[in-house]
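Okay, here's what each chain looks like letter by letter:
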Amino acid sequence: MARHIAFALLLSLLVCGQNIASADFDFYYLVLEWPGSYCKDSSVGGCCKPTTFDAYPLDADFLVKGLYTYSSSGQPVTKCNTTKFYVNALASLIGELYVHWPSIQCPSDNGVSLWRDAWTNYGVCSGLSEKDYFNSTLLLRKKINMLSVLKWKGIVPSNILMYSPTYVKTAIRLALGADVGIKCSKNKFGAFQIDEIYVCVDKTASKVIKCPVLPKFSCGLAAYFPYYSNSMLKSTSSSFDPLQMVTSQ
Ligand SMILES: *[C@@H]1O[C@H](CO)[C@@H](O)[C@H](O)[C@H]1NC(C)=O
Ligand SMILES: *[C@@H]1O[C@H](CO)[C@@H](O)[C@H](O)[C@H]1NC(C)=O
């Protein structure tokens, strides 16, 4: 009897182990971050110029926060294996990464640790090479062009206007043909502000799809979409040599 139980236990361990090893993702969340909201997020200590800023200033546009691998039950699929991150594999994309996928947290850094985390947590589950994973993410950001999607419906960055999150979602649905998730943060006055937009993307990392699961966030009845300019980034004094940055990591 005891042996049967032990055997059953062992069997279920083996089966579970296999499930974990073959953990497969079903879709991606492309997460776009609005820097104007990040800089004013009351739970964050402001935003800082990336160390690469002088050579690669940012656009006043959405940044890439990440391309997350998810299962259709709404669970993140992470750390599928330990394929190492090599920043040198991204040499042909490095300028784009500095501009569109930078770290604007404080203290300033060059973004490499952000990309390493993106790769070791999610990228390794994508089945793509490192270069293709980052290239696909950058291409998606560009193709979706969220800032013009919003502008098309009169939703423009402003420190005065507030927008209905439902209206914002509708505007995006009309343009992309799919619902998105909108995550808000709060500014120092406790008002909601549009912080991140979650867009669902198919397994090939090339097409927007209807979300198998929509992330649930609350943005209240009205939220700011605050104005952004690079002057909101706090300065740092360190100098930067783009070539050295790539080869020394
Ligand atoms: C990124 O992907 C596109 C589309 O597949 C391709 O044309 C381009 O050459 C790639 N860029 C790099 C740097 O690999
Ligand atoms: C890591 O896991 C992903 C997803 O299961 C797979 O596509 C990729 O080939 C794996 N890489 C290695 C080196 O095992």
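Our subject is the structure listed above.
Residues numbered from 1 in each chain as written. Chains lettered and ligands numbered in written order. Predicted model: local features only at pLDDT ≥ 70, side-chain atom pairs only at ≥ 80, totals over all residues. Heavy atoms only, no water.

Student: Quick rundown of the overall build of the chain? Include the residues and the values.
Tutor: Summing up its helical and strand segments, the chain has eight helices and six strands in all. The burial tally for the chain puts 45% of its 249 residues in the buried class. Long-range pairs, those at least 24 residues apart, make up 78% of the contacts in the chain between residues at least 6 apart in sequence. Carbon together with sulfur atoms contributes 58% to the accessible area of the chain, which is approximately 12800 Å² in total. (Helix = DSSP H or I, 4+ residues; strand = E, 2+ residues; numbered from the N terminus. Buried < 20%, exposed > 50% of the residue type's maximum accessible area, 1.4 Å probe, protein only. Contact = heavy atoms within 4.5 Å. Areas by Shrake-Rupley, 256 points an atom, 1.4 Å probe, with all protein chains shown as cover.)

Student: Any details on unusual backbone geometry? Residues and values, ideally.
Tutor: The omega torsion of the bond from Cys106 to Pro107 falls at -5°, within 30 degrees of zero and hence cis. On the secondary structure map, Pro107 appears in the loop between helix H3 (94-100) and helix H4 (112-121). Not every positive phi belongs to a glycine, and Lys79 is a case in point at roughly 50°. In this structure, Lys79 sits in the loop between strand S2 (63-70) and H3. A positive phi is found at Asn145, a non-glycine position, where the angle reads about 50°. Tracing the chain through its elements places Asn145 in the loop between helix H5 (130-144) and helix H6 (146-152).

Student: Before we move on, could you go through the packing of aromatic side chains and cite the residues and values that matter?
Tutor: As enumerated under the stated definition, the model contains 17 aromatic pairs in all. Summarising the aromatic geometry, the rings of Phe27 and Tyr70 are spaced 6.2 Å apart at their centres and angled 45° between planes, so their arrangement reads as tilted. Within this pair, whereas Phe27 is found in strand S1 (residues 27-33), its partner Tyr70 is found in strand S2, the two being separated by 43 residues in sequence. Given a relative accessible area of 15%, Tyr70 falls into the buried group. Here the aromatic cluster, defined as three or more aromatic residues joined through ring pairs, consists of Phe27, Tyr29, Tyr70, Tyr198 and Phe217. Directly above the aromatic system of Phe192 lies the positively charged group of Lys186, at a separation of 5.0 Å from the ring centroid. Residue placement shows Lys203 over the ring face of Phe25; its charged tip is 4.9 Å from the ring centre. (Phe/Tyr/Trp six-rings, centres within 6.5 Å; stacked < 30°, edge-to-face > 60°. Lys NZ or Arg CZ within 6 Å of the ring centre and 35° of its normal.)

Shape is all these values report; function is a separate question.
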